[in-house]
Amino acid sequence: MYKELSPLFEEIQTVRDNYFDTEIFNSSIHTRAVPDKWSVAESIYHCYLLLKLTRVTTAYYVPVARVYMRLRRPKIKRYIDEMPNIYRGKTMKAPFILKPKMKRDYTLIELRELLEEETEKMKHSVDHLTQKECYWIKYPDPVPKYPNIVQVVKLLRIHEEHHYMVVMEREGRNRR
């Protein structure tokens, strides 16, 4: 794996460790503190869905992008790895594919295992990439301005942390 990616995946684990050990994440995770907002479990499941969608996209998109890159033989001028928090400010509506429609009530441990399993699969889908590939291959997503592989992994952390922070604030305010 390109050396810059490992610490980014470790950051995702640290975020999960910090939140999954809290009282709010270890109480009634299926209860909505606010009726029209997601519960803790639904927020975690939403993060899982985005991670899975990113991983599946990566599995199909990156091999094609690698071939295209080899044909073009681009010269990388700058290795851009900054990823601003696109979730600050006005909230976005989740697309239907990322709305948490859980078929059952998962336990917190099961939700964490879903995340961990998808993270391992995501790591595996990028572990063979070179530095040039990690910075040159850009995802066809206009919302975060066509991020490269490094930026996408950072975005996964930012996304999870954003949702966990929002749910903690909401649950903390409304459970009293």
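Numbers given for residues are sequential positions, taken from 1 along each chain in its written order. Since the coordinates come from a predicted model, pLDDT governs what is reported: local features require at least 70, and pairs of side-chain atoms require 80 or more to be given and counted, while whole-chain, interface and lining totals use all residues. Hydrogens and waters are ignored; side-chain quantities use all the structure's heavy atoms.

Draft legend 1. Spatial organisation of a positive patch on the surface. To count toward a patch, a residue needs a relative accessible area over 30% and no salt bridge; like charges are then connected within 9 Å, while nonpolar side chains (Val, Leu, Ile, Met, Phe, Trp, Tyr) are connected within 5 Å. With residues, only the protein chains shown are counted as cover, and all accessible areas are computed by Shrake-Rupley using a 1.4 Å probe. Salt bridge, as used here: a side-chain nitrogen of Lys or Arg that lies within 4 Å of a carboxyl oxygen of Asp or Glu. For this count, His and the chain ends are skipped, Lys and Arg are scored as positive, and Asp and Glu as negative. Each charge is placed at NZ for Lys, CZ for Arg, CG for Asp and CD for Glu. A cluster of basic residues, Lys37, Lys93, Lys99 and Lys101, forms a positive patch on the protein surface. Relative to the helices and strands, Lys101 is located in the loop between helix H2 (40-72) and helix H3 (108-126). Runs of E in the DSSP output that reach at least two residues are strands. Runs of H or I that reach at least four are helices, and both are numbered from the N terminus.

Draft legend 2. Inspection of the nonpolar core at higher detail. With 50 residues, the main nonpolar core has Leu5, Phe25, Ile44, Ile149 and Tyr164 as its most contacted residues. Elements represented by at least two residues in this core include exactly helix H1 (5-20), H2, H3, helix H4 (131-136) and helix H5 (149-174). With 12 residues, H2 is the largest single contributor of residues to this core. If sequence neighbours within four positions are ignored, Leu5 has contacts with Val126, Cys134, Ile149, Val150 and Val153. Only buried residues count toward a nonpolar core. Its members are Ala, Val, Leu, Ile, Met, Phe, Trp, Tyr and Cys residues joined through side-chain atoms within 4.5 Å. Each residue's exposure class comes from its accessible area (1.4 Å probe, protein chains only) as a fraction of the maximum for that residue type: buried when under 20%, exposed when over 50%, partly exposed otherwise. Should any heavy atoms of two residues lie within 4.5 Å, those residues are counted as being in contact.

Draft legend 3. Broad picture of the environment of Ser27. On the secondary structure map, Ser27 appears in the loop between H1 and H2. The partly exposed category is assigned to Ser27, whose relative accessible area is 33%. Taking C-alpha positions, Ser27 is 17 Å from His163, a pair spaced 136 residues apart along the chain.

Draft legend 4. Fine view of a nonpolar patch on the surface. On the surface, Leu53, Phe96 and Ile97 cluster together into a nonpolar patch covering about 320 Å² of accessible area. Relative to the assigned elements, Ile97 resides in the loop between H2 and H3.

Draft legend 5. Main features of the packing of H2 against H3. Note on method: axes are straight lines fitted to C-alpha atoms, helices fitted across the in-contact stretch only, with angles between N-to-C directions ranging 0 to 180 degrees. Running from N to C, H2 and H3 point in directions that differ by 20 degrees, and their axes come no closer than 9 Å. Taken together, H2 and H3 sit at an angle that is classed as roughly parallel. Handedness of the crossing formed by H2 with H3: left-handed. Seen from H2, the contacting residues are Ala41, Ile44, Tyr45, Cys47, Tyr48, Leu51, Lys52, Thr54, Arg55 and Thr58; seen from H3, they are Leu108, Leu111, Leu114, Leu115, Glu118, Thr119, Lys121, Met122, Ser125 and Val126. Each angle gets one of four labels, with under 35 degrees taken as roughly parallel, over 145 as roughly antiparallel, 65 to 115 as roughly perpendicular, and the rest as oblique. Left-handed describes a crossing in which the near helix is turned anticlockwise from the far one by less than a right angle; the clockwise case is right-handed.

Draft legend 6. Inspection of the side chain of His159 at higher detail. Inspection of the secondary structure puts His159 in helix H5. With sequence-adjacent residues up to four places away left out, His159 is seen in contact with His46, Cys47, Leu50 and Tyr87.

Draft legend 7. Layout of the environment of Ile149. Assignment of secondary structure puts Ile149 in helix H5. A C-alpha to C-alpha distance of 24 Å links Ile149 and Glu113, two positions 36 residues apart in sequence.

Draft legend 8. Focus on the packing of aromatic side chains. Stacked, tilted and edge-to-face are the three classes assigned to paired rings of Phe, Tyr and Trp, where Trp is represented by its six-membered ring and a pair needs centres within 6.5 Å; plane angles under 30 degrees give stacked, over 60 edge-to-face, the rest tilted. In the structure shown here, the tally under the stated rule is 11 aromatic pairs. The interplanar angle of 55 degrees and the centroid separation of 5.5 Å between the aromatic rings of Tyr19 and Tyr164 together place this pair among those described as tilted. Placement of the pair is Tyr19 in helix H1 and Tyr164 in helix H5, with a sequence separation of 145 residues. Each member of the pair Tyr19 and Tyr164 is classed as buried. Ring pairing ties together the aromatic residues Tyr19, Phe20, Phe25 and Tyr164, which thus form one cluster. Note that Arg112 overlies the ring of Phe20, its terminal NZ or CZ placed 5.0 Å from the centroid. Whether a charge sits over a ring depends on NZ of Lys or CZ of Arg being within 6 Å of the ring centre and within 35 degrees of the ring normal.

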